[in-house]
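Residues per chain, in single letters:
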Amino acid sequence: MLTVLFTICMIWFVGKFFIFGLKASWGIMKLLCMIIFFPVILIGMVVGGLMHIAFPLLIIGGIIGLVTSHS
């Protein structure tokens, strides 16, 4: 009986840490995308001659940043 209880608690414990790991990795990926990948993609678009696409994306990103800022 203790083995069954231990198994259930262990599955619950591992499941909680798995969900925590997914949330943490999602947060880290969002941070990487916003700080590294998005500006690099915009700079690459400008260098590649796609200014007419990069500029509206930059404006939309700025508006979203202003609306979602908490200060």
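A short tour of the structure in this document, coming up. Quantities reported herein were computed from a predicted structural model and do not represent experimental measurements.

1. A short note on the overall build of the protein
- Looking only at helices and strands, the protein features 2 helices and 0 strands.
- For 71 residues, the compact-globule estimate of 2.2 N^0.38 gives 11 Å, and the C-alpha radius of gyration of the protein, at 21 Å, exceeds that figure by more than 25%.
- Referenced to the eigenvectors of the C-alpha coordinate spread, the extents of the protein come out at roughly 70 × 30 × 15 Å.
- A total of 71 residues make up the protein; the buried ones form 4% of that total.

2. Concerning the packing of aromatic side chains
- Evaluation of the coordinates by the stated rule reveals 1 aromatic pair.
- For the ring pair Phe13 and Phe17, a centre distance of 4.8 Å and an interplane angle of 80° mean the geometry is edge-to-face. You can see Phe13 and its partner Phe17 sitting in helix 1 (residues 2–47), 4 residues apart, about one turn around the helix.

3. Quick look at a nonpolar patch on the surface
- There is a patch of nonpolar side chains on the surface, built from Ile28, Met29, Leu31, Leu32, Met34, Ile35, Ile36, Phe37, Val40 and Ile41 and spanning about 960 Å² of accessible area.
- Here Ile41 lies in helix 1.

4. Topic: helix 1
- For helix 1, which comprises 46 residues, the first-to-last C-alpha distance of 65 Å matches the rise-based estimate of 68 Å (1.5 Å per residue) to within 8%.
- Of all the bends in helix 1, the greatest, near 40°, is centred on Cys33.
- Gly49 sits one or two positions beyond helix 1 and adopts a positive phi of about 90°.

5. Observations regarding the environment of Ile36
- Relative to the helices and strands, Ile36 resides in helix 1.
- Residue classification places Ile36 among the partly exposed residues on the basis of a relative accessible area of 40%.
- On a C-alpha basis, the gap between Ile36 and Ile53 in space is 19 Å, while along the polypeptide they are 17 residues apart.

6. Regarding the packing of helix 1 against helix 2 (residues 51–68)
- Viewed as axis vectors pointing N to C, helix 1 and helix 2 meet at an angle of 150°, and their least axial separation amounts to 8 Å. Between helix 1 and helix 2, the angle falls in the class roughly antiparallel. As helix 1 runs across helix 2, the sense of the crossing is left-handed. Here Phe38, Leu42, Met45 and Val46 of helix 1 come into contact with helix 2, specifically with Met51, Ile53, Ala54, Leu57 and Leu58.
- Its residues placed into classes, the contact of helix 1 with helix 2 shows 9 nonpolar, no polar and no charged.

Reading the values: rules and limits
- Residues numbered from 1 in each chain as written.
- Predicted model: local features only at pLDDT ≥ 70, side-chain atom pairs only at ≥ 80, totals over all residues.
- Heavy atoms only, no water.
- Helix = DSSP H or I, 4+ residues; strand = E, 2+ residues; numbered from the N terminus.
- Rg over C-alpha atoms; globule rule 2.2 N^0.38 Å.
- Buried < 20%, exposed > 50% of the residue type's maximum accessible area, 1.4 Å probe, protein only.
- Phe/Tyr/Trp six-rings, centres within 6.5 Å; stacked < 30°, edge-to-face > 60°.
- Patch = residues over 30% accessible without salt bridge, like charges linked within 9 Å, V, L, I, M, F, W, Y side chains within 5 Å.
- Areas by Shrake-Rupley, 256 points an atom, 1.4 Å probe, with all protein chains shown as cover.
- Salt bridge = Lys/Arg side-chain N within 4 Å of Asp/Glu carboxyl O.
- Expected span 1.5 Å × (residues − 1).
- Bend = angle between axes of the 7 residues up to and from the residue.
- Axes fitted to C-alpha atoms, helices over the stretch in contact; angles between N-to-C directions.
- Parallel < 35°, antiparallel > 145°, perpendicular 65-115°, else oblique.
- Left-handed = near helix turned anticlockwise from the far one by under 90°.
- Contact = heavy atoms within 4.5 Å.
- Nonpolar A, V, L, I, M, F, W, Y, C, P; charged D, E, K, R; others polar.

Structural measurements only, silent on function.
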